[in-house]
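# Inside the fold
Take a look at the letters that make up each chain.
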Amino acid sequence: MATWNATPFPCSQGRSRVPGSLSNALYIIPILAVLILVHELGHYLAARRCGVKVEEFGIGIPPRIYGKERNGTIWSINAIPFGGFVRVKGEEAGDMAPDSMNSKPPLQRAFFLTAGVMMNLLLAVVLMIAVVGFQGVPHSSVYIAQQGVQAGSPAANAGWLPGDRIVSVNGNEIETVDELASKTRSNAGHPITVVVERAGQMVPTTLTPRKNPPEGQGPVGVALDDRTVGKITVEQLGGNSAAVAAGIQPGDVISEINGRPVTDAFVLGTELQRFQNSSVPVAIVVNRGDQRLSTVMYVPTINPGADPLKAVGFDIVKFHAVYEKVPALKVIPRGFQEAYDTTVQMLSGLKSLFSSTKNLSQVSGPIGMGQATGEIINESTLPLWVTLTQITIVLSLNLALLNLLPFPALDGGRLVFVVIEILRGGRKIAPEKEGLVHFAGIVVLLGVMFVVAFSDIQRIVDGRSFIP
């Protein structure tokens, strides 16, 4: 009854960018080691709690490279570094010794099988509480992407425009794309009130999300973009550019544009595009040290697909996320809430992941996770410990959710056999048959891992990014 855990990582793949440095990518090794140790420690402690002998605690998948016996348990390191396992007494058919897993009632075996998942969930919650307590919580804004409104859609009929910020739905504030998607899906067929912010003005709109939208359009028919709220600092300017002519200097923080608070690059880029090639200049407010300065900029023509910030001379800008400090008494509840919200988003992602073969192609393994880790660290403006902790939280939740899938050899697949036993009034499926099913599952998982690893390597060779 060895419990294997695999670590595929669903993530969308985006435009080409420079891959993360090798040194940053290597952070994935200790992260995965911690996650696997915590997961298998859960199984180990549960087995001991149920009075079951643990025969082997293994990191990696056999064949074994190294093993040492201590207190009746073999502690091993194995050749394939994609998971781990706890092997307990009772895997042999007919072994009903008192310290065998086979002799334990179904609920104890179910406790053993879910203990690893519970430990990963607990780890994610503890880490989230730490981030909330020491760093605070971020806020995000949801925008309609450029050319993101489908003709004839509810959004188009309601007058939504590219660049609009989605403020609220039926009075509920919206901060993430998932929140908006949830609200529109749950209200499909019923009119909803949506407030959008356009050029600094709040615009109330009404629309009815579709129950059966066209393929790829969603209930309201928009492409969305969510951005973390923060500050944008100019680091480098292009010579003879519109920004230089406006008197903007390196180190300036862009505060407002056209009366609209600049909370991210999307707002800045949207307003620049609105004023391109116009005889009317755009008004900009910058913070320079303790001074608040106003200026105007004449925006040149911006070529389609070009970066509007670079087009006006903002060659390099740096984004600093703004975190809200949480009162001490609210840190733990807020940590649980943040972990819950992240889990709900992941469940939604997993649902879409398995909705088509196209989405399944986005699954990546340890190599892809290493590339993603390097890229995230390279781009993050947060302290390194916060970035690494956030990556660990996401992967820990991924590991928990994926191991609950009812696939043979995973914890969820073994749990299915326990449930079947309960439904059959305590009659077990023959151990030989169950073992054959799980062996087939292991073979399939290993095959998938090697295919995914090849895909990860090919993406790196092609110079494609892991994150959008």
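Residues numbered from 1 in each chain as written. Predicted model: local features only at pLDDT ≥ 70, side-chain atom pairs only at ≥ 80, totals over all residues. Heavy atoms only, no water.

## A word on the overall build of the protein
For the protein, the count of helices and strands is 14 helices and 18 strands. Expressed along its principal axes, the backbone C-alpha trace of the protein runs to roughly 85 × 50 × 50 Å. The buried share of the protein, reckoned over its 468 residues, is 45%. Sequence-distant contacts, at least 24 apart, represent 69% of the contacts inside the protein between residues at least 6 apart. Of the accessible surface of the protein, which amounts to about 23000 Å², a share of 61% is contributed by carbon and sulfur atoms. Charged side chains of the protein number 38 positive and 36 negative; the gap between the two group centres comes to 4 Å. (Helix = DSSP H or I, 4+ residues; strand = E, 2+ residues; numbered from the N terminus. Buried < 20%, exposed > 50% of the residue type's maximum accessible area, 1.4 Å probe, protein only. Contact = heavy atoms within 4.5 Å. Areas by Shrake-Rupley, 256 points an atom, 1.4 Å probe, with all protein chains shown as cover. Lys, Arg positive; Asp, Glu negative; His and termini not counted. Charge placed at Lys NZ, Arg CZ, Asp CG, Glu CD.)

## Considerations on helix α3 (residues 106-134)
Note that an α-helix has 3.6 residues per turn; residues three or four places apart therefore point the same way. Taking 1.5 Å of rise per residue, the 29 residues of α3 would be expected to cover 42 Å, and the 42 Å separating its terminal C-alpha atoms lies within 8% of that figure. At Thr114, α3 is deflected by roughly 40°, the largest bend along its length. The first or second residue beyond α3 is Gly136, which carries a positive phi of 100°. (Expected span 1.5 Å × (residues − 1). Bend = angle between axes of the 7 residues up to and from the residue.)

## What about a nonpolar patch on the surface?
On the surface, a cluster of nonpolar side chains totalling about 330 Å² of accessible area is made up of Ile367, Ile457, Ile460 and Val461. At three residues, helix α14 (residues 431-462) tops the list of elements feeding residues into the nonpolar patch. On the secondary structure map, Ile367 appears in helix α11 (residues 366-379). (Patch = residues over 30% accessible without salt bridge, like charges linked within 9 Å, V, L, I, M, F, W, Y side chains within 5 Å. Salt bridge = Lys/Arg side-chain N within 4 Å of Asp/Glu carboxyl O.)

## Looking at helix α12 (residues 384-403)
In a regular helix each residue adds 1.5 Å, so 20 residues correspond to 28 Å; α12 covers 28 Å between its end C-alpha atoms and thus fits that length. Counting buried positions over the 20 residues of α12 gives 16, a clear majority of the element.

## Some details on the packing of helix α2 (residues 28-49) against α3
At their nearest, the axes of α2 and α3 sit 7 Å apart, and the two run at 140° to each other. On the basis of their axis angle, the class for α2 and α3 is oblique. Seen along the crossing, α2 lies across α3 with a hand that is right-handed. Across the interface between the two elements, Leu35, Val38, His39, Leu41, Gly42, His43, Ala46, Ala47 and Arg49 from α2 touch Phe111, Phe112, Leu113, Ala115, Gly116, Val117, Met119, Asn120 and Leu123 from α3. Within the contact of α2 with α3, the residues separate by chemical class into twelve nonpolar, five polar and one charged. (Axes fitted to C-alpha atoms, helices over the stretch in contact; angles between N-to-C directions. Parallel < 35°, antiparallel > 145°, perpendicular 65-115°, else oblique. Left-handed = near helix turned anticlockwise from the far one by under 90°. Nonpolar A, V, L, I, M, F, W, Y, C, P; charged D, E, K, R; others polar.)

## Comments concerning the side chain of Thr233
You can see Thr233 is positioned in strand β11 (residues 230-237). Exposure remark for Thr233: the relative accessible area of 15% places this residue in the buried category. Discounting residues that sit within four places of it in the chain, Thr233 has contacts with Gly251, Asp252, Val253, Ile316, Val317, Lys318 and His320.

## Observations regarding the nonpolar core
Ile31, Leu32, Leu35, Val132, Ile393 and Leu395 are the most contacted members of the largest nonpolar core, which has 30 residues in total. Of all the elements in the fold, those that place two or more residues in this core are α2, α3, α9 (331-353), α11 and α12. Within the second largest apolar cluster, 25 residues are counted, among which are Leu237, Ile254, Phe275 and Ile284. (Core = buried A, V, L, I, M, F, W, Y, C linked by side-chain atoms within 4.5 Å.)

## Thoughts on the packing of aromatic side chains
Considering all chains together, one arrives at five aromatic pairs under this definition. Their ring planes at 70° and their centres at 6.0 Å tell us that Tyr44 and Phe57 sit as a pair that is edge-to-face. One end of the pair, Tyr44, is in helix α2; the other, Phe57, is in strand β2 (residues 54-70), with 13 residues separating them in the sequence. Look at Phe57 and you get buried, because its relative accessible area is 5%. (Phe/Tyr/Trp six-rings, centres within 6.5 Å; stacked < 30°, edge-to-face > 60°.)

## A word on unusual backbone geometry
The backbone of Asn71 shows a phi angle near 55°, a positive value even though the residue is not glycine. With respect to the secondary-structure elements, Asn71 resides in the loop between β2 and β3 (73-88).

## Quick word on the confidence of the model for the protein
Low-pLDDT stretches of the model should not have their predicted coordinates read in fine detail. Model confidence for the protein is summarised by a mean pLDDT of 86, while 91% of its residues fall at 70 or above. The low-confidence segment residues 1-20, where pLDDT is below 50, has 103 contacts with residues more than four positions distant or belonging to other chains. (pLDDT = per-residue confidence, 0-100.)

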